[in-house]
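Examining the three-dimensional arrangement
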Amino acid sequence: MSRSLRRGALAATAVVFSIASLAACGAGQDAQTLQIKPDNAAAAKGDIEVQNALVITQGQKGEKGPAVVSATVFNNGTKAQTLDGITLPGGKGKVALKPAEGSGKVTVPALGYVVIGGKGNASAVIEDGAATVRDGEVQKVLFQLSSTGGIELEAFVVPATGAFAPFGPTAAPAAPVAPSGTPSGTPSGSPSAGATGAAAGATPSGSASGSATPSGSPSHNAGH
């Protein structure tokens, strides 16, 4: 796919996503609203349907860090299924799939759905996203269900900006700040010549040996 086509696809995706969101807010949660299907990747097999699939990268161009897969998985059957894994065909990157709460597999309830991506939802993190996917491209994604099996589709790769920001990955952890190599202050020179609190007639047994020295060096731990 040429660069111009990739840019056009990306722009179209963002526009359609925004329009669909606004339409849903204005119409309310009625049957017609729930049938709106944005022009993002979707595929169905058996009782399972995957809609609004996207691969979302870091918000800034060239920023390193993980990417995520975002999608909604519907189960139109009368038995619950588990989402056993999400992979990128061709051995590209490892996708860590986690439920919204606890551990184990993600469950897609009977006659229900599960949202992947966004706060409080299940997550699918592409650990080395910056090296695996690129904005504007189309990435194959395989959803593996316990009974239905594999459902493969092609998802747009978009940055976590605008409407996509709430569903994007968290930023890569910042590098720790190195502590300063020297203490912020030094002892203040030699002791005074005469001790004002000395007993009358007492004579010091020895002379001071120069500058006072702290009894211990300061800690360099960052304390993070």
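Above: the structure in question.
Residues numbered from 1 in each chain as written. Predicted model: local features only at pLDDT ≥ 70, side-chain atom pairs only at ≥ 80, totals over all residues. Heavy atoms only, no water.

One can find D128 in the loop between β8 (123-126) and α3 (129-132). In this structure D128 comes out as partly exposed when scored by relative accessible area, which is 46%. (Helix = DSSP H or I, 4+ residues; strand = E, 2+ residues; numbered from the N terminus. Buried < 20%, exposed > 50% of the residue type's maximum accessible area, 1.4 Å probe, protein only.)

Judged by nonpolar contacts, the single largest core of 30 residues is most densely connected at V50, I86, V141, F143 and L153. Beyond its immediate stretch of four places on either side in the chain, L153 contacts A41, A42, A43, V50, A53, Q139, K140, V141 and F143. Counting seven residues, the second largest nonpolar core, distinct from the first, contains L54, V68, F156 and A160. (Core = buried A, V, L, I, M, F, W, Y, C linked by side-chain atoms within 4.5 Å. Contact = heavy atoms within 4.5 Å.)

Checked against the element boundaries, E49 lands in strand β2 (residues 48-57). A polar contact is formed between the side chain of E49 and the side chain of Q51, at a distance of 3.0 Å. (Polar contact = N/O pair within 3.5 Å; in protein donor to acceptor, adjacent residues only side chain to side chain.)

Under the defined criterion, the tally for this structure stands at one aromatic pair. Their ring planes at 40° and their centres at 5.6 Å tell us that F74 and Y113 sit as a pair that is tilted. In this pair, F74 sits in strand β3 (residues 67-75) while Y113 sits in strand β7 (residues 112-116), placing the two residues 39 residues apart along the sequence. You can call F74 partly exposed: its relative accessible area is 26%. (Phe/Tyr/Trp six-rings, centres within 6.5 Å; stacked < 30°, edge-to-face > 60°.)

This part takes up the pairing of strand β4 (residues 81-87). With three bridges joining them, β4 and strand β6 (residues 106-108) adopt antiparallel strand pairing. Opposite T82, over in β6, you have T107 as the bridge partner. (Pairing = 2+ DSSP bridges.)

By themselves, these observations are geometric and do not establish any function.
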